[in-house]
Amino acid sequence: MLHLPFHPWLENYQSARNQLISIFAITLSLAILSAWFAARSMVKPIQVLVEFSKKIGRGEKYIAPKMNGEFGVLSGTMTAMQANIIKREEELTYRASHDLLTGLYNRSAVERYLSECLPRITGSLILINIRHFKDINNMMGFENGDRLLQLFAQRLIDVSNPEDRLARLGGMSFLLFIRKPYQKRI
Ligand SMILES: Nc1nc2c(ncn2[C@@H]2O[C@H](COP(=O)(O)OP(=O)(O)OP(=O)(O)O)[C@@H](O)[C@H]2O)c(=O)[nH]1
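Residues numbered from 1 in each chain as written. Predicted model: local features only at pLDDT ≥ 70, side-chain atom pairs only at ≥ 80, totals over all residues. Heavy atoms only, no water.

A. Highlighting the packing of aromatic side chains. Overall, the coordinates contain three aromatic pairs when judged by the stated rule. Both rings, one in Tyr-113 and one in Phe-177, keep their centres 6.1 Å apart while their planes meet at 70°; by these two values the pair is edge-to-face. Taken together, the residues span a long stretch of sequence, with Tyr-113 in helix H3 (residues 107-117) and Phe-177 in strand E3 (residues 173-178) at a distance of 64 residues. For the residue pair Tyr-113 and Phe-177, the accessibility class agrees, reading buried in each case. (Phe/Tyr/Trp six-rings, centres within 6.5 Å; stacked < 30°, edge-to-face > 60°. Helix = DSSP H or I, 4+ residues; strand = E, 2+ residues; numbered from the N terminus. Buried < 20%, exposed > 50% of the residue type's maximum accessible area, 1.4 Å probe, protein only.)

Next up, the structure:
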């Protein structure tokens, strides 16, 4: 029976095993590090977008920071959505308080204004009515009646002062709230 020395084999085996363990440990560490960096680079923009969407929900104006790739696309889309929401809100607020034909305040807006201001300020209320407007409509057509209402409203804007309040109450009724007496003739 042949007896070979045992030690050289064992040393070779242990050295190979240690090398393998080191390679495995380094690869694992690199994998964990790159996963951590990848997670970090994903989580941060997501947090920014979540914060952005919360602000949109609260109706706050907020400019999203510049982002790259898909996050940039998402942020751009959310910015466009926010702009649309703000535009719609402004439009709704305008429609709720203005007469769309003449651009003057409407009845509910002037009622709100007067109930808030009348205890504090004084002035004169003038109710203006176009007589026989029905006849104008019948003779000249509804479209020309509309045009007349617009021109009449413009005339009232031209002669009133900026601190006065002008409103179309409906139909051919207008209301002018004058803060100070006019020196000029209307
Ligand atoms: N063109 C136009 N006509 C309107 C508008 N709103 C109401 N009218 C018309 O205004 C007319 C009002 O008629 P009436 O309430 O009889 O008033 P009037 O003809 O001025 O009669 P008096 O007040 O008695 O002098 C109706 O013919 C409505 O159709 C509008 O936005 N545009």
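Continuing now.
B. Layout of the site of the ligand. Taken together, the neighbourhood of the ligand is formed by 13 residues, with His-132, Phe-133, Lys-134, Asn-137 and Asp-146 sitting nearest. Measuring from an oxygen atom of the ligand, one finds a backbone N or O atom of Ile-130 at 3.3 Å. If the ligand stood free it would expose 670 Å²; the protein chains cover 65% of that surface. The set of elements that each furnish at least two residues to the shell around the ligand consists of helix H4 (133-140) and helix H5 (142-159). With four residues, H5 is the largest single contributor of residues to the shell around the ligand. For the shell around the ligand, the per-class residue count stands at five nonpolar, four polar and four charged. (Near = heavy atom within 4 Å. Polar contact = N/O pair within 3.5 Å; in protein donor to acceptor, adjacent residues only side chain to side chain. Areas by Shrake-Rupley, 256 points an atom, 1.4 Å probe, with all protein chains shown as cover. Nonpolar A, V, L, I, M, F, W, Y, C, P; charged D, E, K, R; others polar.)

C. Summary view of the sheet that holds strand E2 (residues 165-170). Taking strand neighbours across the sheet as the criterion, the three strands line up as E1-E3-E2 in an open arrangement whose pairing is antiparallel. The strands lining the two open edges of the sheet, one partner per strand, are strand E1 (124-129) and E2. Taken pair by pair, the neighbouring strands of this sheet meet at an average axis angle of 20°, ignoring direction. Alignment of E1 against E3, held across six bridges, turns out to be antiparallel. (Pairing = 2+ DSSP bridges. Axes fitted to C-alpha atoms, helices over the stretch in contact; angles between N-to-C directions.)

D. Main features of the pattern of salt bridges. Counted under the stated rule, the structure contains two salt bridges. The salt bridge involving Asp-99 is made with Arg-168; its shortest N-O contact spans 3.1 Å. One end of the pair, Asp-99, is in the loop between helix H2 (69-97) and H3; the other, Arg-168, is in strand E2, and 69 residues separate them in sequence. The two residues Asp-99 and Arg-168 agree in class, both being buried. (Salt bridge = Lys/Arg side-chain N within 4 Å of Asp/Glu carboxyl O.)

E. Structural view of the side chain of Asn-106. Structurally, Asn-106 is set in the loop between H2 and H3. Side-chain polar atoms of Asn-106 contact the backbone oxygen of Ala-96, separated by 3.0 Å. Beyond its immediate stretch of four places on either side in the chain, Asn-106 contacts Arg-95, Ala-96, Ser-97, His-98, Asp-99, Ala-167 and Arg-168. (Contact = heavy atoms within 4.5 Å.)

F. A look at the nonpolar core. Residues Leu-104, Ile-128, Ile-130, Phe-133, Ile-136, Leu-149, Ala-153, Leu-156, Leu-166, Phe-174, Leu-176 and Ile-178 constitute the largest nonpolar core, which totals twelve residues. Those elements that provide at least two residues to this core are H4, H5 and E3. Residues in contact with Ile-178, not counting those within four places in the same chain, are Gly-123, Ser-124, Ile-126 and Asp-164. Counting residues in each nonpolar core, the second largest holds nine residues, with Tyr-113, Cys-117, Ile-121 and Ala-167 among its members. (Core = buried A, V, L, I, M, F, W, Y, C linked by side-chain atoms within 4.5 Å.)

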